[in-house]
Amino acid sequence: MPQKILAGRAADPQLRGDLVQVKVDQVILSRAPSRALAEAIATGMKKTPVEVAVAYDGTCVADASSLADIDEGSPHSVSPEFPTYNIPIARPGIGFPAPVHLERFAAPARLALTDDPRLATVGGIGMLSLVVSPSQLGQALATGSAWLRPPRSVQIHLSGRVRPFVCARDVALELLRRNLDEVVRRIEGEHHAPVILEFAGPSARLLSVGDRAVLCGIAPQVGAAAALFVSDEKTEVFLRDQRRSKAHRALVPDPGAPCEEVVSIDLGTVDPLLMDEEGVVRPVRDLAGKPVAQVVLGGDSGVTLRDMLAAALLLKSKRVPSRLDLLVAPPSRQVLEVLAQSGALVDLVATGARIIEPDRRVVTSEIYPPPPGGLSLRTADPEPRIAGTPSFVVASAETLAYAVATGSVGDPRSFKRPVRVTVPRALPTDDVLILRDKKGEQVSTKKPPTAPTAVPWKGPLTLDVLAGVPKLNGRAAVGARGRKAPATVEATPAAADDKAPADGVALVLSTLDEVRAVAERATDLSAVRAVVAPFVPSTAVSAFASEGIATFLVGAEALGSIKDQKSVELPAPAQWGDRVAAVFGSERVEVAWLATGMERSWTHAGTVRQPPSAGKPAR
């Protein structure tokens with residue numbers, strides 16, 4: 001299915017070559033909107049030609065820091081001038097980007113580019129969503145096209161029916177427990193191409209679009225580029241309920257279409273599961289009886305409207321225990337209105353719940369973090385697990401309801417009987433919080449954002465070696481690559497010197513979560529020039545290359561020794577090939593350069609940005 005979507009938009013329908021140029025249908029800006037807009041303006045954009053482009057302003061709880069970011073034009077802010085470039089703004093309070101986009105904008109058989117891995121959930125409607133860098137997003141906004149690696153597919157074959165008190169979240173956790181990440185990593189290593197999860201089988205067509213979105217949300221956690229469901233009658237009904245019937249297109253795989261591997265799962269064998277604070281998926285009974293201090297119901301993934309209604313029914317006439325905080329974060333404004341109209345919101349409030357705003361910092365635990373020494377249960381997917389980040393337990397909405405009812409972890413099947421939930425068909429679809437351009441109206445007098453100056457690779461470099469994801473100090477600083485960033489890199493003890501070389505930093509990363517964390521913060525880590533790891537997903541390689549960051553593969557056996565070195569010497573780019581001779585301290589190590597095709601020229605130039613006279617997009 002992903003190949004069908006790309007082939008219909010590619011300059012080469014056969015998808016030959018390391019990278020292919022494809023027409024982009026949608027651009028979704030979430031994590032660094034102003035940076036992407038600056039890149040597009042630098043390319044010469046007046047108005048974007050893409051079908052749908054949306055900038056999500058996720059800062060609902062304003063404080064002095066967030067207001068200063070807006071005033072200073074932070075890359076992560078959303079300035080009022082977006083609508084003048086044909087890019088509507090989803091204003092604060094509309095909800096989290098992933099569920100809102102699924103309801104209001106996502107369309108089957110389309111290609112979307114985004115800077116937010118959490119937008120993988122829109123694959124539940126049959127839309128292919130790929131994560132790229134802000135620089136690549138700027139090119140897509142300006143030209144309507146992008147260069148992408150042709151993907152490979154892994155099929156997830158679903159059969160059987162889920163039992164009572166088992167939700168889509170439990171099925172997603174079961175897939176994680178079956179080491180799907182190892183399958184993805186092996187196929188990536190063989191083909192050097194992004195891997196996309198395709199859900200198929202008789203039970204795939206029985207799931208609602210909301211449940212499908214929950215399953216697609218696991219893609220970033222296993223290193224996959226995206227996940228995709230078919231577009232069928234269920235999809236058409238969902239779009240009809242959203243009053244967007246015209247957006248429907250059928251999408252099914254061709255008979256006998258090849259895939260790299262098939263993973264089968266019988267939904268009838270799935271039990272209530274949870275992901276503990278260490279990231280290990282376990283049966284709920286393993287933590288049964290453990291006291292719970294905080295429950296966050298909702299967020300941007302892992303929960304559907306049906307799950308929210310079911311939790312409210314299970315908690316009706318219950319009371320929150322004295323030592324437990326119940327926080328409800330409705331995924332979208334539409335879900336909040338349905339909860340209010342059905343009386344479920346009243347039931348939750350009567351239970352003792354606190355309704356919190358859909359601020360982007362809720363899912364990252366920057367606000368409402370897990371209480372020290374207490375157990376926090378949440379439905380949303382966690383951020384990449386790295387040292388120093390808050391940890392919590394991930395479980396289904398019905399498992400969370402049992403924890404609220406009893407004050408401790410337990411199997412939701414201990415409730416007397418399952419609840420019957422009826423999801424209303426008449427859904428509120430008012431886009432009052434979508435700010436669009438109004439002709440003749442002056443939106444903003446502020447100067448448009450300016451793209452940072454690219455810093456190319458010129459000659460041999462000596463870089464500091466930092467092991468793991470670097471810490472960030474301060475709100476704003478100029479990094480070694482000469483661009484303004486929200487923070488500067490703090491050296492780890494292994495690389496701390498009285499005087500650091502001016503060439504920059506090389507990060508040595510051990511796990512997929514560390515790679516994901518650095519890829520998501522690449523615009524903030526302005527001093528980073530190279531990433532060295534035993535596994536880097538293809539999409540991250542491309543994103544790093546577009547920021548002028550070289551990505552190198554190193555064997556696990558050499559990883560331990562190079563972590564302890566303080567510096568690495570890299571030869572001039574003219575001497576780089578598939579293998580690069582790097583000198584870590586006094587040790588010479590052969591590393592594989594993972595960039596391919598045009599990505600190599602992006603790395604050397606320090607940017608993917610093209611001059612305003614760039615060619616027309618592919619059609």
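Note that the structure is a prediction, hence the values are computed from the model and not measured.

What counts and how
- Residues numbered from 1 in each chain as written.
- Predicted model: local features only at pLDDT ≥ 70, side-chain atom pairs only at ≥ 80, totals over all residues.
- Heavy atoms only, no water.
- Helix = DSSP H or I, 4+ residues; strand = E, 2+ residues; numbered from the N terminus.
- Buried < 20%, exposed > 50% of the residue type's maximum accessible area, 1.4 Å probe, protein only.
- Areas by Shrake-Rupley, 256 points an atom, 1.4 Å probe, with all protein chains shown as cover.
- Lys, Arg positive; Asp, Glu negative; His and termini not counted.
- Charge placed at Lys NZ, Arg CZ, Asp CG, Glu CD.
- Axes fitted to C-alpha atoms, helices over the stretch in contact; angles between N-to-C directions.
- Left-handed = near helix turned anticlockwise from the far one by under 90°.
- Contact = heavy atoms within 4.5 Å.
- Nonpolar A, V, L, I, M, F, W, Y, C, P; charged D, E, K, R; others polar.
- Salt bridge = Lys/Arg side-chain N within 4 Å of Asp/Glu carboxyl O.
- Pairing = 2+ DSSP bridges.
- Core = buried A, V, L, I, M, F, W, Y, C linked by side-chain atoms within 4.5 Å.
- 1 Å grid on protein atoms, 1.4 Å probe; cavity = no way out; pocket = protein on both sides within 12 Å on 5 of 7 lines; lining within 4 Å.
- Points joined across faces, edges and corners; volume = space filled by probe spheres on them.
- Patch = residues over 30% accessible without salt bridge, like charges linked within 9 Å, V, L, I, M, F, W, Y side chains within 5 Å.
- pLDDT = per-residue confidence, 0-100.

**Q** Got a minute to help me understand the overall build of the protein chain in this structure?
**A** When helices and strands are counted, the protein chain shows 18 helices and 30 strands. In terms of principal-axis extent, the alpha carbons of the protein chain reach across some 70 × 55 × 55 Å. Classification of the 619 residues of the protein chain by burial places 59% in the buried group. With the model as given, the accessible surface of the protein chain reaches about 24200 Å², and the carbon-plus-sulfur share is 51%. Each charge class in the protein chain was averaged separately, 71 positive and 68 negative side chains, and the resulting centres sit 5 Å apart.

**Q** Just checking my understanding: could you explain the packing of helix α10 (residues 305–314) against helix α11 (residues 333–342) for this structure?
**A** When two helices pack together, their arrangement is captured by the angle between the axes and the distance separating the axes. One way to put it is that α10 packs onto α11 with a least axis distance of 11 Å and a crossing angle of 35 degrees. Of the two elements, α10 crosses α11, and the hand of that crossing is right-handed. Residues Leu305, Met308 and Leu309 of α10 form the contact with α11, whose participating residues are Val335, Val338, Leu339 and Ser342. Classifying every residue of the contact of α10 with α11 by side-chain character gives six nonpolar, one polar and no charged.

**Q** It is not clear to me how the pattern of salt bridges should be interpreted in this structure. Could you clarify?
**A** If the charged atoms of two oppositely charged side chains come close together, the side chains can form a pair. The full count for this structure, using the stated rule, is 36 salt bridges. For Asp431, the salt bridge identified is with Arg104, shortest N-O distance 2.9 Å. Of this pair, Asp431 sits in the loop between α14 (397–406) and β19 (434–435) while Arg104 sits in helix α4 (residues 97–104); the two residues are 327 residues apart in sequence, bridging distant segments of the chain. Residue class for Asp431 comes out partly exposed when judged on its relative accessible area of 24%. Measuring nitrogen to oxygen at the nearest pair gives 2.3 Å for the salt bridge that ties Arg163 to Asp271. You can see Arg163 sitting in the loop between β8 (152–159) and α6 (168–177) and its partner Asp271 sitting in the loop between β11 (261–266) and β12 (273–275), a full 108 residues away along the chain.

**Q** What exactly am I supposed to notice about the sheet that holds strand β13 (residues 281–283) here?
**A** By definition, the strands of a sheet pair up through backbone hydrogen bonds, in either a parallel or an antiparallel sense. Strand order in the open sheet made by the seven strands is β13-β12-β18-β17-β14-β15-β16, with mixed pairing throughout. Because the sheet does not close on itself, it has two edges, and the strands there are β13 and β16 (354–355). In this sheet, β13 lies alongside β12 in antiparallel orientation, the contact comprising three bridges. Bridge pairing in β13 links Leu273 to Pro283. Across the sheet, α6 lies against β12, β13 and β18 (393–395), angled at about 65 degrees from β12, the strand it touches most.

**Q** What am I meant to see in the sheet that holds strand β10 (residues 226–228) here?
**A** One open sheet holds the four strands; their spatial order is β10-β9-β8-β11, and the pairing between them is parallel. The sheet terminates laterally at β10 and β11, the two strands that pair on one side only. Here the average twist between neighbouring strands, direction ignored, is 20 degrees. Strand direction decides the pairing type here: β8 and strand β9 (residues 195–200), joined by six bridges, are parallel. If you follow Val154 over to β9, its bridge partner there is Leu197.

**Q** Looking at this model, I keep getting lost on the nonpolar core. Mind explaining?
**A** Side chains of a nonpolar character, in soluble globular proteins, are inclined to be buried together. In this structure, Phe552 and Leu570 are the most contacted members of the largest nonpolar core, which totals 45 residues. In this structure, Leu570 is in contact with Trp457, Pro460, Leu461, Leu463, Ala530, Phe552, Val580 and Ala582, ignoring residues within four places of it in sequence.

**Q** It is not clear to me how empty space enclosed by the protein should be interpreted in this structure. Could you clarify?
**A** Think of a ball as big as a water molecule: rolled over the atoms, this probe shows where empty space is left. Taken as a whole, this structure holds seven cavities of 30 Å³ or more when the rule is applied. If you add up the space inside the largest cavity, you get close to 140 Å³. If you go around the largest cavity, you meet 16 residues; those closest to its centre are Leu148, Arg149, Pro194, Thr539 and Ser542. The set of elements that each furnish at least two residues to the lining of the largest cavity consists of β6 (128–131), β7 (145–148) and α16 (538–546). Ranked by residues supplied to the lining of the largest cavity, first place goes to α16 with three residues. Of the residues belonging to the lining of the largest cavity, the class tally is ten nonpolar, four polar and two charged.

**Q** Would you mind showing me how to read a nonpolar patch on the surface here?
**A** A contiguous nonpolar surface patch, about 220 Å² in accessible area, is contributed by Leu336, Val349 and Ile355. Examined against the element boundaries, Val349 turns out to sit in helix α12 (residues 344–351).

**Q** Can you help me understand the confidence of the model for the protein chain in this one?
**A** Summing up the model confidence of the protein chain, the mean pLDDT is 89 and the portion of residues at 70 or higher is 92%. Of the regions scoring below 50 in pLDDT, residues 474–488 engages in 54 contacts with residues more than four places distant in sequence or in other chains. pLDDT under 50 marks residues 614–619. Its contacts with residues more than four places away, or in other chains, come to eleven contacts.

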